[in-house]
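Letter by letter, the chains look like this.
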Amino acid sequence: MGAVVSLDALLDERRIWKGRPQAQPVGVQPTGHALLDAALPIGGWPPAALTEILIPAHGSGELRLLWPTLARLADCGERIVLVAPPHVPYAQAWQAAGIDLRQLSVIDANERDALWAVEQCLRSGSCGAVLCWPGKVDDRALRRLQVAAETGETLAFACRGQQAAANPSPAALRLAIDVRPSQLRVLKCRGGLAPSSPIPFNLDA
């Protein structure tokens, strides 16, 4: 018979792996949409992470989807940054959505500089959420944004065309907005399986 070795000795010598409980997320970030929160594994946006919102065209409901979260963050004194939005934000609409415009910053940048600006805002840790609308962007650039969001513990949202769904992404969450019918589809979500059925989403609410 071989020598008897105690479990404590193996642990001390680091010869076996000791599992640890999974770290809890950095606070729940509800979306403000009850049906979507119920469908997501942690009950809201993945904290300190990149979320991709895939849209058929600009103005397809991406802001209506995000406004409840942005209003909540602004109420808490968090900075909201829009980097190179496709249209000039309509101040009255943002105010009507409950967002304190004093907490809203807009960065105008060309396509190349916009990604750099997004990454710097995310890494700084001084923002509650950063929104961008990247055009041509590869997996490497998206991965940098994901890492920057984790570093700065910031919500990052990238609004992209629905054709991007054909390519893999490092984003923690990928949602697609459909306008006919008005619905959300969860394409990928960290921490659980994406729901198989679309989620009703009223664009006129």
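Residues numbered from 1 in each chain as written. Predicted model: local features only at pLDDT ≥ 70, side-chain atom pairs only at ≥ 80, totals over all residues. Heavy atoms only, no water.

*Asks:* Provide a residue-level description of the nonpolar core, including the pertinent values.
*Replies:* Judged by nonpolar contacts, the single largest core of 32 residues is most densely connected at Leu36, Trp45, Leu65, Leu70 and Leu131. Within the residue set of this core, elements represented by two or more residues are strand 1 (50-55), helix 3 (62-75), strand 2 (80-83), strand 4 (129-132), strand 5 (155-161), strand 6 (173-179) and strand 7 (182-189). Among the elements that make up this core, the one with the highest residue count is helix 3 (seven residues). Aside from chain neighbours lying at most four places away, what touches Leu70 is Ile80, Trp94, Ile99, Ala129 and Leu131. (Core = buried A, V, L, I, M, F, W, Y, C linked by side-chain atoms within 4.5 Å. Buried < 20%, exposed > 50% of the residue type's maximum accessible area, 1.4 Å probe, protein only. Helix = DSSP H or I, 4+ residues; strand = E, 2+ residues; numbered from the N terminus. Contact = heavy atoms within 4.5 Å.)

*Asks:* Break down the pairing of strand 4 for me, with residues and values.
*Replies:* Every second residue of strand 4 is oriented toward a common face, with Ala129 and Leu131 on one face and Val130 and Cys132 on the other, all of them buried. Where strand 4 lies against strand 5, four bridges are found, and the strand directions are parallel. Each residue of the ladder has a partner; that of Leu131, found in strand 5, is Phe157. Tracing the backbone out of strand 4, into helix 6 (residues 139-152) and back to the parallel element strand 5 gives a crossover that is right-handed. (Pairing = 2+ DSSP bridges. Right-handed = clockwise from strand over helix to strand, strands pointing away.)

*Asks:* Residues and numbers for the pattern of salt bridges, please.
*Replies:* Applying the stated criterion across every chain yields a total of nine salt bridges. Across the salt bridge formed by Arg174 and Glu52, the nearest N and O atoms sit 2.8 Å from each other. Here Arg174, found in strand 6, pairs with Glu52, found in strand 1; they are 122 residues apart in sequence, far enough to count as distant. Note on accessibility: Arg174 and Glu52 belong to one class, buried. Put simply, Arg102 and Asp100 hold a salt bridge, and the shortest N to O gap is 2.8 Å. With a relative accessible area of 23%, Asp100 lands in the partly exposed category. One connected set of salt bridges, linked through shared partners, spans Glu52, Arg160 and Arg174. (Salt bridge = Lys/Arg side-chain N within 4 Å of Asp/Glu carboxyl O.)

*Asks:* So what's going on with helix 5 (residues 111-124)? Residues and values would help.
*Replies:* Taking 1.5 Å of rise per residue, 14 residues should cover 20 Å, and helix 5 covers 20 Å from first to last C-alpha, within 8% of that figure. Where helix 5 is concerned, the buried positions are Ala114, Ala117, Val118, Glu119, Cys121 and Leu122. On its buried side, helix 5 packs onto strand 2, strand 3 (104-107), strand 4, helix 6 and strand 5. One or two residues past the end of helix 5 sits Gly125, with phi positive at roughly 70°. (Expected span 1.5 Å × (residues − 1).)

*Asks:* Quick one: what's the story with the side chain of Gln146, residue by residue and with numbers?
*Replies:* Considering the arrangement of structural elements, one finds Gln146 in helix 6. Not counting residues within four places of it along the chain, the set of residues in contact with Gln146 comprises Ala48, Ala49, Leu50, Pro170, Ala171, Ala172 and Arg190.

*Asks:* I'd like a rundown of the sheet that holds strand 8 (residues 199-200), residues and numbers included.
*Replies:* In space, the eight strands of this open sheet follow the order 3-2-4-5-1-6-7-8, with mixed pairing throughout. On the outer flanks of this sheet lie strand 3 and strand 8, each paired with one strand and no other. Across six bridges, the pairing between strand 1 and strand 5 is parallel. Within the sheet, the bridge partner assigned to Leu54 lies in strand 5 and is Arg160. Lying on the sheet, helix 6 is in contact with strand 1 and strand 5; it crosses strand 1 at an angle near 135°. (Axes fitted to C-alpha atoms, helices over the stretch in contact; angles between N-to-C directions.)

*Asks:* So what's going on with the environment of Asp113? Residues and values would help.
*Replies:* With respect to the secondary-structure elements, Asp113 resides in helix 5. Its relative accessible area of 32% is what places Asp113 among the partly exposed residues. When the C-alpha positions of Asp113 and Val83 are compared, they lie 9.7 Å apart, and in sequence the two are 30 residues distant.

Coordinates in, geometry out; function isn't part of it.
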